[in-house]
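Architecture at a glance
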Amino acid sequence: MSRIVVIGGHGKVALLLTPILAELGHSVTSVIRNPDHAADVEAAGATPHVADVETLDTDGIAEVLAGHDAVVWSAGAGGGDPERTRAVDQDAAIRSMEAARQAGVRRYVMLSYCGAGPDHGVDPSDPFHAYAEAKAAADEHLRGTDLDWTILGPSNLTLDPPTGKILVGREGSGQVSRANVARVIAATLEANGTVRRTIEFHDGETPIDEAISG
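Here we summarise the structure given alongside this text. Computed from a predicted model, the values in this text were never measured in an experiment. (Residues numbered from 1 in each chain as written. Predicted model: local features only at pLDDT ≥ 70, side-chain atom pairs only at ≥ 80, totals over all residues. Heavy atoms only, no water.)

Things to note about the pattern of salt bridges
Evaluation of the coordinates by the stated rule reveals seven salt bridges. Residue Asp69 is joined to Arg3 by a salt bridge in which the shortest nitrogen-to-oxygen separation is 3.0 Å. Taken as a pair, Asp69 in the loop between helix H3 (58–65) and strand S4 (70–73) and Arg3 in strand S1 (residues 3–7) lie far apart in primary sequence, 66 residues in all. Of the charged contacts, one joins Arg101 and Asp146 as a salt bridge, the two residues approaching to 3.1 Å between their closest N and O atoms. Pair noted here: Arg101 is in helix H4 (residues 82–103) and Asp146 is in the loop between helix H5 (129–143) and strand S6 (148–154), with a separation of 45 residues, a long-range link. (Salt bridge = Lys/Arg side-chain N within 4 Å of Asp/Glu carboxyl O. Helix = DSSP H or I, 4+ residues; strand = E, 2+ residues; numbered from the N terminus.)

What follows is the structure, given as structure tokens:
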């Protein structure tokens, strides 16, 4: 059994991920900002931990992560305000990486998006630009750490039911169900061969375990 902390534990993907991890025998701590969401994460099979990673410093986040074996970053500002996007998706994410190192939590899985990176190509006038810049910076910082990291880049998210099958690579259908994303995260945590890899993916025809095996 591993002790896994999910930052952004009330997100749609996180709520689908939690029962999968619990069924696999893992202990899950879901970090949430709003205490009103505690019942939802408990129902999904996690222990809620109310903390605002946007305002916590590195030491504060390290206290949250201490005692766990792996971190899943599934948090996000949700778009809109560029300043808050940078504060959460870039700055808080980077603090969480440093906090993981400080707390001795080596395994770190970042939920990013397909096409993320310095060459994202999003026009500065596009409202998505601030998010693209923030994710590029956070992902690049993670790659430069000595953590056992994996960056997952799903394409456009849907609410379709899970198929358990994906296509790995930047080229593909352009969409993937959140339920499949949750399964990819769980499989990534189980597979040592995913360490220090960036895996971009879509819904496809290859079983997840086989698709991410590299």
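Back to the text.
Re the packing of aromatic side chains
Evaluated as defined, the whole model comprises three aromatic pairs. Between Tyr113 and Tyr131, the aromatic rings sit 5.7 Å apart at their centres with planes inclined by 35 degrees, giving tilted as the arrangement. Linking Tyr113 in the loop between strand S5 (107–111) and H5 with Tyr131 in helix H5, this pair joins segments that are 18 residues apart in sequence. By relative accessible area, which is 21% here, Tyr131 ends up partly exposed. Linked through ring pairs, Tyr113, Phe128 and Tyr131 together constitute an aromatic cluster. (Phe/Tyr/Trp six-rings, centres within 6.5 Å; stacked < 30°, edge-to-face > 60°. Buried < 20%, exposed > 50% of the residue type's maximum accessible area, 1.4 Å probe, protein only.)

So, the nonpolar core
In terms of nonpolar packing, the biggest core is built from 28 residues, with Leu17, Val72, Leu152, Ile185, Leu189 and Phe201 touching the most fellow members. Mapped onto this core, the elements with two or more residues apiece are S1, helix H1 (12–23), S4, S5, helix H6 (178–190), strand S10 (197–203) and helix H7 (208–211). Excluding anything up to four places from it in sequence, Leu17 contacts Val6, Val72, Ala182, Ile185 and Ala186. Grouped together as the second largest cluster of nonpolar side chains are 27 residues, Trp73, Ala93, Tyr108 and Leu142 included. (Core = buried A, V, L, I, M, F, W, Y, C linked by side-chain atoms within 4.5 Å. Contact = heavy atoms within 4.5 Å.)

Notes on the sheet that holds strand S11 (residues 206–207)
Strand order in the open sheet made by the nine strands is S3-S2-S1-S4-S5-S6-S10-S8-S11, with mixed pairing throughout. Looking at which strands have only one partner, the edges of the open sheet turn out to be strand S3 (47–50) and S11. Running over the sheet, H1 touches S1, strand S2 (27–32), S4 and S5 and is turned about 160 degrees from S2. (Pairing = 2+ DSSP bridges. Axes fitted to C-alpha atoms, helices over the stretch in contact; angles between N-to-C directions.)

Some thoughts on the layout of surface pockets
By volume, the largest pocket amounts to about 760 Å³. Contributing to the lining of the largest pocket are 27 residues, with Leu111, Ser112, Tyr131, Leu157 and Arg178 lying nearest its centre. Breaking the lining of the largest pocket down by element, the ones donating at least two residues are H1, H4, H5 and strand S7 (156–158). Residues that form the lining of the largest pocket fall into these classes: 12 nonpolar, 11 polar and four charged. Considering only enclosed or pocket space, the second largest pocket measures out at about 390 Å³ in volume. (1 Å grid on protein atoms, 1.4 Å probe; cavity = no way out; pocket = protein on both sides within 12 Å on 5 of 7 lines; lining within 4 Å. Points joined across faces, edges and corners; volume = space filled by probe spheres on them. Nonpolar A, V, L, I, M, F, W, Y, C, P; charged D, E, K, R; others polar.)

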